[in-house]
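The lines below spell out each chain.
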Amino acid sequence: MEFRLLGPVEAWDGGKRLALGGPKPRALLAALLLADGKVVSSERLVDVLWGDDPPRSASALVQTYVYGLRRTLADGGEAEVIETRPPGYAARFQPGRLDVESFERMVAEGRRHAADGGHDRAAESLRAALALWRGSALGGIGHVLRGEAARLDETRLLVQEELLHAELTLGRHAEAAGELTELVRLHPTRERPRALLMRALYRLGRQADAMAVYHEGRKALADELGVDPGPELQELYEAVLRADPALDPAPALPKSQPVPAHLPRGVADFTGRQRQLAELTALLGAPSDTVTVCVISGKGGVGKSTLAVKAAHQASPAYPDGQLYADLRGVTGSPAPALEVLGRFLRALGLPPSAIPSTVPECVDAYRSALHGRRVLVVLDDAGSEQQVRPLLPGSPTCAVLITARRRLAGLDGVRVSDLDVFDTPAAVDLLARIAGPERVRAQTEAAGHIVRLCGHLPLALRTAGARLAARPNWPLATLAGRLADEHRRLDELTAGDLEVRASVALSYRGLDEGAKRAFRLLGLLGVPDFASWVPAALLDVPETEAEEVVERLMDAQLLDDVAVDAAGQARYRLHDLLRVYAAERAEAEEPPEERAAAVNRALGGWLWLITRAAAARPPGALTLRREYAMARPVDADVADLVTWFSAESPALVVAVERAAAMNLHEVACEVAAALCSSSFSVDTRFEEWRRTHESALGAARRAGDPLAEATLLVGLGQLRYRQDRYPEAQAFFRQALPLLRAGGDAHGQAVAVAGIGNACRELGDLAAALAHLRDAAEVFRSLGDDAAVGYVKRLAGSVLLEQGEIAAARELLDDALAAFRRLGSKRGEGITLRTIGLVHRAVGEFGRAEELCARAVALLREAGDPLMLAYCVQALAKTRIRLGGDAGILPELREAMEVCERNDDRFGMALVERTVGELHLAHGRHAQTEEHLGRAVALWDRLGLPLFRARTLRDLAAAREAAGDAPAAASMRAAALAVFAEYGTREYGELRSSGAFLE
């Protein structure tokens, strides 16, 4: 089925026209077809059909018309054309079935051919497009859709004019004159067809007729519109009067054609880019049936012009008729006009100045005629847009064009784009060495690498740094590296003669619209190494769809790089380091302080909202430092997997917190750091990021004089030290926080700190103090109704009671903790608690039940995505299976657990696994391996300062020595272990004296 709107509104099924009904249903169908598949609301359809005076039954009539159209179209085999889609209707049809769509496609094709100099193919496409018309657009539906009909009719006239211009360019003056005469008669006040008719008549030798056409037009304009002819028509009339040679078609070239050689000198220290150079040279040297157009795109200073000139010189033997070169100044404030460049090219190709036309279209025709059949390479440096380039493209396939641009210029037809990135490290060091001196760089490789990194591997920056070093031969490279390390001075340092990185970046910046400039400034202010797609929206405080458009403009300007989609499924972007430094400069200079603070607050608020939402969806079962996050701002992003998401986001998050702290935005810095401590850091052991966020936020909180924020961060640092197995330091941080929390009346914060002290006491073996602190904390959490915190503390207290041999009491507390975590929905908390309950069953010899519980814990921790706690559960399960006499498969699982602990620098976990591996070998009589692994465990316990765990390992070593026949050594070790158990009051004291049963 076909739909026709270029004339009467019709639908055809093969050769049969369908009866659509009167003007109203045909207008309704036209409105839906013109919407290009989008939904047209019922209210809009009422406005289309009746305007300002609809009948009361208008909505019902719309439904009736839709029903009738559907029935008619279904009879023609198209039952699904009109879809009901709230709040109205949409038309769905296959491409190529609507004449308007076909017309626009043919017109676009014709215009592309015309821009490329293919006027014959352009005329063919445009004439085919016009052949689709059968009368006035949307005929037969009265005043309805009058504006759309007028737009289509105006497009038709424009296309007729373009067609006749192409015919004149092809020399078909007589044929075009006839059509133009009729067009001028029908539209006497349109100046373009009148100008074309004057040219056609003049070129046919009818100068008087051309002048008469002008006078008729002047009279028509005066009578109908009360205006004089425009400047173009007046200039054309004067040219006809004086018989200007520029009006003659296709000026002839002199017989002896000059060979232009415009290429600039190539750089002597060309470095790298061998792959791109080979590809470009091959493309420029290959035969083609169309003009070869290659674009080298990339950010300012990446070396586009250097590569283009090198490739052009290498390819020049394939273009014996010459090489043209023009600097288009596309990103400057004064881009080169097409008329200027074409005039220079035409003079270089041999046209005398008097024969060069005065208008761009005529210059384009003369330029392409001059290049026809000649093998000429055209190099267009620093193009700003497709529009700037199109008039400069030859029409002959014997020519080729090499363009450099900061944008990709993908709108050019058939273009081959080579995206240029910064150098890799070897090429960057090589370029620095070529300029500053190879021996000098080889002797100071570390400093050279530092300079390369600070220059962001950008060739212009490296060239500038090399020039500075060459001008100062007595400077150690470390001197320049130290000067570049200061971001506030870096761009000042990267200046040498006419080489200046700041000026190069400024060109791109000045070409942006105001919205993109502001986004660029704020991204530089935030300073993150990369960022997810929602961040610009938060910085700008605009909808994400609007921010996406800004991001696209920054990418087009090569001021923003598309990194990729990260493991969490987010699109990520980044600013090159030097661009970021420049952007931060602009932010300091152009953004008011309150706007800078508000933007950073919004960005951190977005991260805060994501963190808390993710933690709420998958609670980690850790103590929460702050329970209300007032700064949170919803963003359109998803955190399905907290660990994966945090792995992608952590570099940006850490820098953002540090930037907020440096700007003295201590509240948001503290809240984000605390939220990370309570969620992300608790399941992903990124200790360095943990330290950086907390120490920077702590400094800001102290400068602001906010004791509660300071205390919160001290608690977070205490929890960090606990996770790093540095228990005395952890206690010190918790104790520093307590008086601040008391003074601020923060009961919840006090309980968190007290629980932290108790947990550290537990690890250090001070079981009585641990139990007292944990019970105190649990009572506060219970009074505050914090079910999750109560569960957390009861699990710890249950493990202390287990150490003391209070099995029944331990089971009661652990059952309470398990129930709390299940109510909370924390699989991580549930898994860790099941592991502890498994230890209780193992301690009393219920190995089957212990194995079942530990296996469930492993499954839950794997699902929760906490690899370190999973390693602990694997260790507990392995130990239980050793008790059951197992061997197969246990050692590989323990090795994997050891790798996780080593990767996280968890020395406690490493010691625990070493001891378990030793026990496995002991159970199967492998004495040498037993002593090796138990000895490593003892050394680790010594470094951690944990005598209780050391004593338990000594007990195992005693059993190994006894099995090996060394009874005195076994007795000595057992006595040493017994003394520790007695000191700490653990249940092993009695067990070791009697049966020697194992607990941990």
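Here, residues in each chain are numbered from 1, in the same order as that chain's written sequence. For this predicted model, a pLDDT threshold of at least 70 governs which residues receive local features, and a threshold of 80 or more governs which side-chain atom pairs are given and counted, while totals over whole chains, interfaces and linings are taken from all residues. Side-chain measures here rest on the full set of heavy atoms in the structure, leaving out hydrogens and waters.

Visitor: So, the pairing of strand 6 (residues 88–91): which residues are in play, and what are the values?
Guide: Across 2 bridges, strand 4 (residues 40–41) lies against strand 6 in antiparallel orientation. Considered in strand 6, the bridge of V40 is made with Y89. For two strands to be treated as a pair, DSSP must find at least two bridges joining them. Segments assigned H or I by DSSP are reported as helices when at least four residues long, segments assigned E as strands when at least two residues long, and all are numbered from the N terminus. With 4 bridges connecting them, strand 5 (residues 82–85) and strand 6 associate as antiparallel partners. Across the sheet, the residue bridging to I82 is A91, located in strand 6. Hairpin connection of strand 5 to strand 6: 2 residues between the antiparallel strands.

Visitor: Before we move on, could you go through the nonpolar core and cite the residues and values that matter?
Guide: In plain words, nonpolar cores are sets of buried Ala, Val, Leu, Ile, Met, Phe, Trp, Tyr and Cys residues tied together by side-chain atoms within 4.5 Å. Here the term buried applies to any residue with accessible area under 20% of the maximum for its type, exposed to any over 50%, and partly exposed to those in between, with areas from a 1.4 Å probe on protein chains only. Core analysis: the largest hydrophobic core is formed by 209 residues, its most contacted members being L402, I451, F520, L526, L554, L604 and W607. Counting 51 residues, the second largest nonpolar core, distinct from the first, contains A35, A91, L98 and V159.

Visitor: Could you give an account of the pattern of salt bridges, naming the residues involved and the relevant values?
Guide: Salt bridges are defined by distance alone: a side-chain nitrogen of Lys or Arg within 4 Å of a carboxyl oxygen of Asp or Glu. Tallying each qualifying case throughout the model produces 72 salt bridges. In this structure, R192 engages E161 in a salt bridge whose closest nitrogen and oxygen atoms are separated by 3.9 Å. Linking R192 in helix 8 (residues 191–203) with E161 in helix 6 (residues 146–169), this pair joins segments that are 31 residues apart in sequence. By relative accessible area, R192 is classed as partly exposed at 37%. Overlapping salt bridges, with partners in common, bring together R518, R521, R586, E590, E591 and E595 in one network.

Visitor: Go over the packing of helix 1 (residues 23–34) against helix 3 (residues 58–75) with me, naming the residues and quoting the values.
Guide: Helix axes use the C-alpha atoms of the stretch in contact, all axes being lines fitted to C-alpha atoms, and the angles between their N-to-C directions lie in the range 0 to 180 degrees. Between helix 1 and helix 3, the shortest axis-to-axis distance is 10 Å and the interhelical angle comes to 80°. In terms of axis orientation, helix 1 runs roughly perpendicular to helix 3. Counting all contacts with helix 1, which are made through K24, P25, L28 and L29, the residues of helix 3 involved are V62, Y65, V66 and L69. Residues of the contact of helix 1 with helix 3, tallied by class, amount to 7 nonpolar, no polar and 1 charged. Every angle not falling under 35 degrees, over 145, or within 65 to 115 is termed oblique; those three ranges are roughly parallel, roughly antiparallel and roughly perpendicular. Any two residues whose heavy atoms approach within 4.5 Å are treated as being in contact. When residues are grouped by polarity, Ala, Val, Leu, Ile, Met, Phe, Trp, Tyr, Cys and Pro land in nonpolar, Asp, Glu, Lys and Arg in charged, and all others, Gly among them, in polar.

Visitor: With reference to specific residues and values, describe the sheet that holds strand 2 (residues 10–13).
Guide: The antiparallel open sheet is built from 3 strands, whose spatial order is 1-2-3. With one partner strand each, in any of the chains shown, strand 1 (2–4) and strand 3 (16–17) form the two edges of the open sheet. With 3 bridges connecting them, strand 1 and strand 2 associate as antiparallel partners. Residue pairing across strands places R4 opposite E10, the latter belonging to strand 2.

Visitor: Before we move on, could you go through the environment of T953 and cite the residues and values that matter?
Guide: Inspection of the secondary structure puts T953 in helix 44 (residues 947–963). When the C-alpha atoms of T953 and A286 are compared, they prove to be 75 Å apart, with 667 residues separating the residues in sequence. Not counting residues within four places of it along the chain, the set of residues in contact with T953 comprises R915, L934, A937, V938 and W941. The term polar contact refers here to a pair of N or O atoms within 3.5 Å; inside protein, the definition further demands a hydrogen-donor-capable atom paired with an acceptor-capable atom, and it admits residues adjacent in sequence only when both atoms are side-chain atoms. Among the polar contacts listed, one links the side chain of T953 to the side chain of W941, at a separation of 2.8 Å.

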